[in-house]
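# Commentary on secondary and tertiary structure
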Amino acid sequence: MAETKKLLRALAGEVQDVPPIWMMRQAGRYLPEYRATRAQAGDFLSLCYNPELAAEVTLQPIRRYGFDAAILFADILLVPQALGADLWFVTGEGPRLSTITQQSEFDALKPVADIHETLSPVYETVRILSRELPSETTLIGFAGAPWTVATYMIAGRGTPDQGPAHALREGNTALFEALLERITQATIEYLSAQIEAGAEVVKIFDSWAGSLKGEAFQKYAVEPCRVITQAIKERHPGIPVIGFPREAGDAYVGFAKATGVDCVALDNSVSPDWAAEHVQVDGCVQGNLASSHMVTGGQALVDETRRIVQAFSKGPHIFNLGHGITPDADPENVQLMIDTVRSWRDG
Ligand code: CP3
């Protein structure tokens, strides 16, 4: 039977007149219905671990906008928590974790086989979603890439330059690599369980890949993504993988070939014309509208949206933002973006 879901068709390499659309962080604080459900759950982590409510917030942007894909509502930092790290969120500041900078802290982590104890509510969210999503909507599962997850585990928080993680990488390479390996194996198990529960695509978020340069990018961004992608494809043939080595710049070139991912997600620091020529040659790309347009709207949003769709129109493309939508975005600008993409040939 021919594939009918637009997102899966793009991932299979099909060039479409109108690309499928979804948005990073589409379930989020810019939506009043999200804020209401989060308040009902109590806090962000309680929402992540409540399958009914996590499914509800995943469905909210699908009901409001009819996106072509829904992304599971969870967080990349649930994996460190499942490995035994303490995790909490400080309102207005972001995540905090217990740190891993010494062998004894690494030794206290749980084995990979134990992660499902913590993560099983997430799999239940996926099962609910695969029952409740409209038949045309693709369900995306996800995890953080090992490097990005490690940056939070090492520093115990988000850091502007990932300094503590780079310091460990250089100062105690063996410990750093052991941590990356633990996260890699946990990620394979986590993504496999999401697929078994009904995820149709998985995305690997390497939000801090851009701070790895040269050989370090190859070893700690490309290689873990290749290992995870290969394992997923061996266990679940036919499940597409999206890679997001954010801010990779020139290193976006060849990333799909080197890792085996079916699609490369692009941040908005690269021009769509450049990316069409150098990245989309290898297959599907996703992106890359600056999320600030969701705050500012207007003609600039329309012009930039059209420019991106046009630039990528000769190859497989999934329309998305270059990074997550921010809490100060106006929900009406999201609708304007969708209308612009869906009518771009008339414009
Ligand atoms: O809608 C979706 O995209 C799905 C759910 C999702 C969340 N986080 C929900 C979330 C996804 C895919 C993520 C990924 C994630 N989480 C990344 C990678 C992508 C990126 O943004 O670079 C990272 C680095 C994290 C870690 C994380 N989670 C941080 C640094 C923060 C705090 C910053 C912030 O935006 O508040 C979070 C919190 C978070 N994750 C929120 C949401 C909706 C906001 C929490 C809230 O409701 O208060």
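Residues numbered from 1 in each chain as written. Predicted model: local features only at pLDDT ≥ 70, side-chain atom pairs only at ≥ 80, totals over all residues. Heavy atoms only, no water.

### Remarks on the sheet that holds strand β4 (residues 138-144)
- Read across the sheet, seven strands follow the order β1-β4-β5-β6-β7-β8-β9 without closing on themselves; strand pairing throughout is parallel. Of all the strands in the sheet, the pair left with one neighbour each is β1 (69-71) and β9 (317-321). Each strand of the sheet is rotated relative to its neighbour by a mean of 25°, with strand direction disregarded.
- Bridging between β1 and β4 involves three bridges; their strand directions are parallel. By the bridge assignment for β4, A70 is matched with L139. (Pairing = 2+ DSSP bridges. Helix = DSSP H or I, 4+ residues; strand = E, 2+ residues; numbered from the N terminus. Axes fitted to C-alpha atoms, helices over the stretch in contact; angles between N-to-C directions.)

### A short note on the packing of aromatic side chains
- Taken as a whole, this structure holds 10 aromatic pairs when the rule is applied.
- Aromatic side chains F44 and F73 sit 5.8 Å apart centroid to centroid with 80° between the ring planes, which places their arrangement in the edge-to-face category. In this pair, F44 is assigned in helix α3 (residues 44-48) and F73 in the loop between β1 and α5 (78-82), connecting sequence segments 29 residues apart. Like F73, F44 is buried. (Phe/Tyr/Trp six-rings, centres within 6.5 Å; stacked < 30°, edge-to-face > 60°. Buried < 20%, exposed > 50% of the residue type's maximum accessible area, 1.4 Å probe, protein only.)

### Focus: the nonpolar core
- The biggest cluster of nonpolar side chains holds 128 residues, and the ones touching the most others in it are F67, Y190, M294, V334 and M337.
- Counting residues per element, this core draws most heavily on helix α10 (residues 173-197), which supplies 12 residues.
- The contact partners of M337, leaving out residues within four places of it in the chain, are I21, M23, F67, L289, M294, L301, T305, F319 and L321. (Core = buried A, V, L, I, M, F, W, Y, C linked by side-chain atoms within 4.5 Å. Contact = heavy atoms within 4.5 Å.)

### Observations concerning the packing of α10 against helix α11 (residues 214-235)
- Two numbers describe how α10 lies on α11: the axes approach to 10 Å, and their chain directions differ by 30°. When the interaxial angle is binned, α10 and α11 end up roughly parallel. Regarding α10 and α11, the two cross each other, and that crossing is right-handed. Along its contact with α10, which presents T173, F176, E177, L180, T184, T187, I188, E189, L191, S192 and I195, the element α11 presents K219, Y220, P224, V227, I228, A231, I232 and R235.
- Class assignment for the residues of the contact of α10 with α11 results in 11 nonpolar, four polar and four charged. (Parallel < 35°, antiparallel > 145°, perpendicular 65-115°, else oblique. Left-handed = near helix turned anticlockwise from the far one by under 90°. Nonpolar A, V, L, I, M, F, W, Y, C, P; charged D, E, K, R; others polar.)

### A look at the site of the ligand
- Neighbouring residues of the ligand: 22 residues in total, closest R25, Y34, R38, D75 and S207.
- A distance of 3.3 Å separates an oxygen atom of the ligand from a polar backbone atom of Q26.
- In the model, an oxygen atom of the ligand is placed 2.7 Å from a nitrogen or oxygen of the H323 side chain.
- Relative to its unbound accessible area of 860 Å², the ligand is 87% covered by the protein chains.
- Of the residues assigned to the shell around the ligand, the class counts are 15 nonpolar, three polar and four charged. (Near = heavy atom within 4 Å. Polar contact = N/O pair within 3.5 Å; in protein donor to acceptor, adjacent residues only side chain to side chain. Areas by Shrake-Rupley, 256 points an atom, 1.4 Å probe, with all protein chains shown as cover.)

### With respect to the environment of H293
- Within the secondary structure, H293 is located in helix α14 (residues 293-296).
- Between the C-alpha atoms of H293 and G13, which are 280 residues apart in sequence, the distance is 28 Å.
- Beyond its immediate stretch of four places on either side in the chain, H293 contacts A300, L301, E304 and N333.

All we've got here are geometric facts, nothing functional implied.
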